[in-house]
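# Per-entry structural report
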Amino acid sequence: MKRRKFIKAASLTGVGFAVGNSLTSCDESVSEKATEQQKKALNDLFGLPLVVATWHVKNATAKAMAVLQAGGNALDAVEQGCRIEEANEKGQSVGKGGLPDRDGNVTLDACIMNKHGDCGSVVYLQNITHAVSVARKVMEDTPHVMLAGEGAKQFAISKGFQPEDLLTDASKKAWEKWKVEAKYKPIINIENHDTIGMLAIDKNGDISGACTTSGLAYKLGGRVGDSPIIGSGLFVDNEVGGCVATGLGEEVVKTVGSFLVVELMRQGKTPQQACEEAIGRIVNKPNSNYKNFQVGYVAVNKRGETGCYSIHQWFSMTKFQDGSNEQIQSDYYNKA
């Protein structure tokens, strides 16, 4: 914590004790006013509300922050923010316009998690643009956590989502060009460049997160990465913080990466330290071929502190905090 914020925190603690002592002799309306004043002071101290996301997605973080500033909660914010990228046809790894699998099918994966630890997920979803919203419906309207394939699609339609062709002309042309040689090799910083993982903390200090993607371009039909898997692509613990991942999903799954980052924060590490250690778990595995793939993490804790770290250069985080919506280049492991 910076010195300025530390001083403010010490002052705020004193205010908290004073307010607490006075509440015993105040009526309910005065008590509520004091509580709101305390909450505002804490929000100012911790830079809340706050939104962070993987990669350069300022339009998405701006939308999420607008929801928070209008009084919305963190869950609404991450859903609405992710929907911006899902509808962005130029971003070819999310939602409509996503690059297809090797058979020409655009298949979407997404998950969402709220402050209570409730979560919902969809995998191998076709013909529905807003996979993140379907995931929320799974969380809120069913006793399940994950729906897949045709079942997920039919569930979405039953909830009012309109099916549409997600393969745009641009993505179809790219797929047809790929078929000439049909070679599959993930390219660092391109394979999941527009996958979006987002975390938000609202004015109540509550955390939610979401992650959505169309996965690796030209993957085997049916392949699912880390993005829709709770604990891998996303994990939130409202007492501690949250984390989202991007990059080669298979490697994130092998270390249950986002859960690992949150648990490291629970042990006392800062978000930055936790992200760095989680990347270390990947690169230091025996026979790791980390030089051939990218993984990046973004994390926040309850104090509004953030961190991001990746294996290779050029990963970035978008952060909207204290009125500033900025892209931040991540530090990285492989500096050789």
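For the rest of this paragraph, the subject is the side chain of Gln294. Tracing the backbone through its elements, the reader meets Gln294 in the loop between helix H10 (271-283) and strand S9 (295-301). On the basis of relative accessible area, Gln294 is assigned to the buried category, the value being 2%. Within the structure, the side chain of Gln294 is placed 3.2 Å from the backbone nitrogen of Ile311, a separation counted as a polar contact.

This part covers unusual backbone geometry. Each neighbour pair has its own omega, and for Leu48 with Pro49 the value is 0°, a cis peptide bond. Here Pro49 lies in the loop between helix H2 (28-46) and strand S1 (50-54). Positive phi outside glycine occurs at Tyr218, with the angle close to 65°. Looking at the element boundaries, Tyr218 is found in the loop between strand S6 (207-213) and strand S7 (234-237). Of note in this structure, Asp322 is not a glycine but carries a positive phi near 50°. Secondary-structure assignment places Asp322 in the loop between strand S11 (316-321) and strand S12 (324-329).

What describes two packed helices is the angle between their axes and the distance between those same axes. Packing of helix H5 (residues 131-141) against helix H6 (residues 149-158) brings their axes to within 10 Å, and their N-to-C directions diverge by 85°. It follows that H5 is roughly perpendicular to H6 by the angle criterion. In contact with Val134, Lys137 and Val138 of H5, H6 contributes Ala152, Phe155 and Ala156. Here the residues of the contact of H5 with H6 are counted per class, giving five nonpolar, no polar and one charged.

The next thing to look at is the packing of helix H3 (residues 58-69) against helix H4 (residues 74-86). Running from N to C, H3 and H4 cross one another at 150°; their axes reach a closest spacing of 8 Å. The orientation of H3 relative to H4 falls into the category roughly antiparallel. For the pair H3 and H4, the sense of crossing is right-handed. Residue-level inspection shows Asn59, Ala60, Lys63, Ala64, Val67 and Leu68 of H3 in contact with H4, the latter providing Ala74, Asp76, Ala77, Gln80, Gly81, Ile84 and Glu85. Looking at the contact of H3 with H4, its residues break down into seven nonpolar, three polar and three charged.

Rules of the game
Position numbers for residues start from 1 in each chain and track the written sequence from start to end. Note on the predicted model: pLDDT of at least 70 is required for a residue's local features to be given, and 80 or more for side-chain atom pairs to be given and counted; whole-chain, interface and lining totals, by contrast, use all residues. Only hydrogens and water are removed before side-chain values are computed, so all heavy atoms of the structure are retained for them. Secondary structure elements follow DSSP: runs of H or I of four or more residues count as helices, runs of E of two or more count as strands, with numbering from the N terminus. Note on classification: 1.4 Å probe, protein chains only; a residue is buried when its accessible area is under 20% of the maximum for its type, exposed when over 50%, partly exposed between these limits. We define a polar contact as two N or O atoms separated by no more than 3.5 Å, with the added condition that, inside protein, one atom must be a possible hydrogen donor and the other a possible acceptor, whereas residues neighbouring each other in sequence contribute only through side-chain atom pairs. With axes taken as lines fitted to C-alpha atoms, and helix axes fitted only over the stretch in contact, angles between N-to-C directions fall between 0 and 180 degrees. Oblique is the label for any angle not covered by the other classes, which are roughly parallel (under 35 degrees), roughly antiparallel (over 145) and roughly perpendicular (65 to 115). Here, two residues are considered to be in contact whenever any of their heavy atoms come within 4.5 Å of each other. Residues are sorted three ways: Asp, Glu, Lys and Arg are charged, Ala, Val, Leu, Ile, Met, Phe, Trp, Tyr, Cys and Pro are nonpolar, and all the rest, Gly among them, are polar. The hand of a helix crossing depends on one turn: near helix anticlockwise from the far one by less than a right angle means left-handed, and clockwise means right-handed.

None of the figures reported here should be taken as evidence of function without further support.
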